[in-house]
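Fold and contact review
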Amino acid sequence: MNDIFAMNRADLQAFLVERGIKKFRADQILHYIYKQNVFSWHEMTLLPQGDRETLAGELPICFPVLADIQKAPDDNTVKLLLEFYDGQTVETVLMKHAYGNSVCLSSQVGCAVNCAFCASAKNGFIRNLTVGEMVLQLLAFRKYVTAGLHSVVLMGTGEPLLNYDNVLSFLRLIHEKDTFYLGYRNMTLSTSGIVPAMERLATEGLPLNLAVSLHAPNDNLRRSIMPVADTYTLKNILTACDRYFDRTGRKVTFEYILIKDLNCTLACADELRHLLGGRNILVNAIPVNDNYDVGLCRPSQKEIRRFTGYLKEHGINITLRREMGGNIQAACGQLRIKRMQKQ
Ligand code: SAH
């Protein structure tokens with residue numbers, strides 16, 4: 001199916017020419033969509049009436065329905081629940097930082113990876129998102145909230161490396177001048193550690209930021225919370241990360257959620273420093289978001305400080321993620337689950 005939101009300039013030009021529409025109209029159309037938030041052929045009044053009718057028939061614009069919107073009291077986090085043509089919903093979150101707006105996107109409906117702490121997989125994997133559906137998550141913020149976009153992080157629902165082709169086409173598309181013109185350095189892809197796809201990503205020649213969900217300092221503990229650890233060992237993941245750094249020059253970030261009495265003891269900190277020591281990396285510690293009923297709790301401030309302090313003392317570059325949006329259920333598929341429960 002042809003989708004205007006998956007087309008770059010060349011794709012659109014080819015589509016138009018095949019239908020007897022002048023090539024230069026592509027620039028006008030992309031300008032309407034990406035610079036003026038016009039998402040209806042009939043409002044593109046620079047186009048001749050006949051062309052508008054042809055396009056409305058052959059390339060319908062389907063904008064998702066805004067099924068829910070939540071704003072944090074300080075207005076710095078806004079979460080949208082978008083409903084696509086088949087009734088499936090995805091969440092997407094805007095975070096306003098001093099340096100600009102960052103959008104956290106979903107790459108799939110549901111998730112097959114099934115990590116114990118994550119709400120995204122609770123109703124299983126439904127389907128991949130298309131290129132256009134990822135673009136629409138960004139455009140929805142333009143339309144409903146605000147225009148500026150500084151960075152994109154693929155840390156919403158889904159495992160982006162299990163939707164590899166669409167995700168890569170999407171990232172290449174939003175890099176283009178006629179769309180969002182976003183630098184690859186302003187894009188981050190987070191993965192649970194799908195090693196063959198990480199290897200492939202390293203060969204794409206794109207300076208993307210890679211984040212890896214580590215969450216445990218050894219395979220046994222990791223297997224107890226992330227079934228994907230049965231397939232990919234930490235050793236293989238770290239080798240793939242080293243190769244990613246060698247090839248792209250981009251420092252890899254390791255996400256490490258902190259779960260009380262499980263993975264943030266001093267013994268874990270010590271194991272983690274031996275695992276990562278000597279590498280030019282960053283650890284991003286995130287207290288687990290425990291308002292979804294899975295029996296995993298966040299540690300006390302004291303425990304958090306002890307864990308991060310130990311690693312810092314031993315030369316590991318670690319930051320504690322500034323939390324945004326917890327109070328609006330901005331984390332990890334919670335809004336979608338809530339709506340499904342209501343229905
Ligand atoms: N599948 C990818 C990207 C989506 S998850 C991945 O695993 O990296 C994005 C990040 O949110 C991951 O680091 C994930 O482990 C984390 N996350 C999931 N559930 C969480 C929770 N309840 N509290 C805190 N972080 C969570």
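Residues numbered from 1 in each chain as written. Predicted model: local features only at pLDDT ≥ 70, side-chain atom pairs only at ≥ 80, totals over all residues. Heavy atoms only, no water.

**So, the overall build of the protein chain**
Put simply, the test is: Secondary structure counts use DSSP, requiring at least four H or I residues in a row for a helix and at least two E residues in a row for a strand, with both numbered from the N terminus. Atoms counted for the radius of gyration: C-alpha only. Globule rule: 2.2 Å times the number of residues to the power 0.38. Per-residue accessibility, obtained with a 1.4 Å probe over protein chains only, is compared with the maximum for each type, and a residue is labelled buried under 20%, exposed over 50%, and partly exposed between these values. We call two residues in contact when some of their heavy atoms are within 4.5 Å.
In terms of regular secondary structure, the protein chain is built from eleven helices and twelve strands. Expected size for 343 residues packed as a compact globule is a radius of gyration near 20 Å; at 21 Å, the protein chain falls within 12% of this value. With the C-alpha coordinates aligned to their principal axes, the bounding extent of the protein chain is approximately 70 × 45 × 35 Å. Relative to its full complement of 343 residues, the protein chain shows a buried share of 52%. Once local pairs closer than 6 in sequence are excluded, the contacts in the protein chain between residues at least 24 apart make up 65%.

**Some details on the state of the cysteines**
Cysteine pairs can be covalently joined through their sulfur atoms, and such a bond is termed a disulfide. Rules: Pairs of cysteine sulfur atoms within 2.5 Å are what we label disulfides.
Scanning the entire structure with this criterion turns up zero disulfides. Cys268 forms no disulfide, and the closest cysteine sulfur to it belongs to Cys264, at a distance of 7.4 Å. Relative accessible area serves as the criterion here: at 7%, Cys268 is assigned to the buried category.

**Comments concerning helix α8 (residues 234–248)**
Heads up, the condition is: To estimate how far a helix should reach, multiply one less than its number of residues by 1.5 Å. Arc definition: it is the arc formed by the directions from the helix axis to the C-beta atoms.
The terminal C-alpha atoms of α8 lie 21 Å apart, and with 15 residues this matches the ideal 21 Å at 1.5 Å per residue to within 8%. Residues Leu234, Ile237, Leu238, Ala240, Cys241, Tyr244 and Thr248 constitute the buried set of α8. One face of α8 carries all of its buried residues, which in axial projection span an arc of 160°. Turned more than 90 degrees off the buried face of α8, the exposed positions are Lys235, Asp246 and Arg247. The inward-facing, buried residues of α8 abut α6 (195–202), β9 (209–213), α7 (219–225), β10 (253–258) and α9 (266–276). In the stretch just after α8, Gly249 is the one whose phi turns positive, near 75°.

**A short note on unusual backbone geometry**
One non-glycine residue, Asn114, lies in positive phi territory at about 60°. Its place among the elements puts Asn114 in the loop between β5 (108–110) and β6 (125–128). A positive phi is found at Tyr181, a non-glycine position, where the angle reads about 55°.

**Comments concerning the site of the ligand**
The criterion, for reference: If a single non-hydrogen atom of a residue is within 4 Å of a molecule or strand, that residue counts as near it. Any N or O atom pair separated by 3.5 Å or less is treated as a polar contact, with the protein-specific requirement of one donor-capable and one acceptor-capable atom, and with residues adjacent in sequence counted only for side-chain atom pairs. Methods summary: accessible areas were calculated by the Shrake-Rupley approach with a probe of 1.4 Å, and residue burial reflects only the protein chains presented.
If you check the shell around the ligand, you find 16 residues, and the closest are Phe117, Ser190, Ser213, His215 and Asn289. A distance of 2.6 Å separates an oxygen atom of the ligand from a polar atom in the side chain of Ser213. The contact in question runs from an oxygen atom of the ligand to an N or O atom on the side chain of Glu255, over 3.0 Å. In the complex, the protein chains occlude 93% of the 540 Å² of accessible area that the ligand would expose alone. Secondary structure elements with two or more residues in the shell around the ligand: β8 (187–191) and β10.

**Thoughts on the pairing of β8**
Applied cut-off: Two strands pair under a simple rule: DSSP has to find at least two bridges between them. Viewed with both strands pointing away, a crossover whose connecting path from the first strand over the helix to the second turns clockwise is right-handed.
With respect to burial, β8 is a largely interior element, five of its five residues being buried. Of the two faces of β8, the one holding Met187, Leu189 and Thr191 and the one holding Thr188 and Ser190 are both buried throughout. In terms of strand pairing, strand β7 (residues 151–154) meets β8 through three bridges, oriented parallel. The residue bridging Val152 from the neighbouring strand is Met187, located in β8. Where the polypeptide runs from β7 across helix α5 (residues 164–175) and back to β8, its parallel neighbour, the crossover connection is right-handed. Remark: the β8/α6/β9 crossover connection has right-handed handedness.

**Here we look at the domain arrangement of the protein chain**
Short version of the rule: Domain segmentation is taken from an automatic or database assignment of domains. Two parts lose some accessible area (1.4 Å probe) when they are put together, and adding that loss for both gives the buried area. For this analysis, a salt bridge means a side-chain nitrogen from Lys or Arg found within 4 Å of a carboxyl oxygen belonging to Asp or Glu. Polar here means any residue other than Ala, Val, Leu, Ile, Met, Phe, Trp, Tyr, Cys and Pro, which are nonpolar, and Asp, Glu, Lys and Arg, which are charged; Gly is therefore polar.
Each assigned domain of the protein chain is listed here: domain 1 (4–58) and domain 2 (65–342). One C-alpha centre belongs to domain 1, the other to domain 2, and the line joining them spans 34 Å. Counting the surface lost from both domain 1 and domain 2, the interface buries some 1,100 Å², and carbon and sulfur atoms represent 63% of this. When the area that domain 1 buries against domain 2 is broken down by residue, the three leading residues are Phe5, Tyr34 and Phe39, summing to 51%. If you look at where domain 1 meets domain 2, you find zero salt bridges. Linking domain 1 with domain 2 are four residue pairs in polar contact (both at pLDDT 80 or more), by the criterion used here. Broken down by element, the residue count for the side of domain 1 that touches domain 2 peaks at five residues, all from helix α2 (residues 25–36). Of the residues that constitute the side of domain 1 that touches domain 2, the class distribution is seven nonpolar, two polar and three charged.

**A word on the packing of aromatic side chains**
How two aromatic rings sit relative to each other is set out by the distance from centre to centre and by the angle between their planes. Heads up, the condition is: Only rings of Phe, Tyr and Trp enter the pairing, Trp through its six-membered ring, and a pair is recorded when the two centres are within 6.5 Å. The plane angle decides the type: under 30 degrees is stacked, over 60 is edge-to-face, the rest tilted.
Summed over the entire model, instances satisfying the criterion amount to six aromatic pairs. On the numbers, 6.4 Å between centres and 80° between planes, the contact of Phe5 with Phe63 is edge-to-face. Of this pair, Phe5 sits in the segment before α1 (9–18) while Phe63 sits in the loop between α3 (49–58) and β1 (65–71), placing them 58 residues apart in sequence. For Phe5, a relative accessible area of 1% gives the class buried.

**A look at the nonpolar core**
Note the threshold: Buried residues of nine kinds, namely Ala, Val, Leu, Ile, Met, Phe, Trp, Tyr and Cys, make up a nonpolar core once their side-chain atoms join them within 4.5 Å.
The biggest cluster of nonpolar side chains holds 107 residues, and the ones touching the most others in it are Phe5, Ile29, Phe117, Leu139, Ile174 and Phe307. With eight residues, helix α4 (residues 131–144) is the single largest residue contributor to this core. Domain assignment of the residues forming this core places at least three in each of domain 1 (4–58) and domain 2 (65–342). With sequence-adjacent residues up to four places away left out, Phe307 is seen in contact with Tyr256, Leu258, Asn263, Cys264, Thr265, Cys268, Ala269, Leu272 and Ile318.

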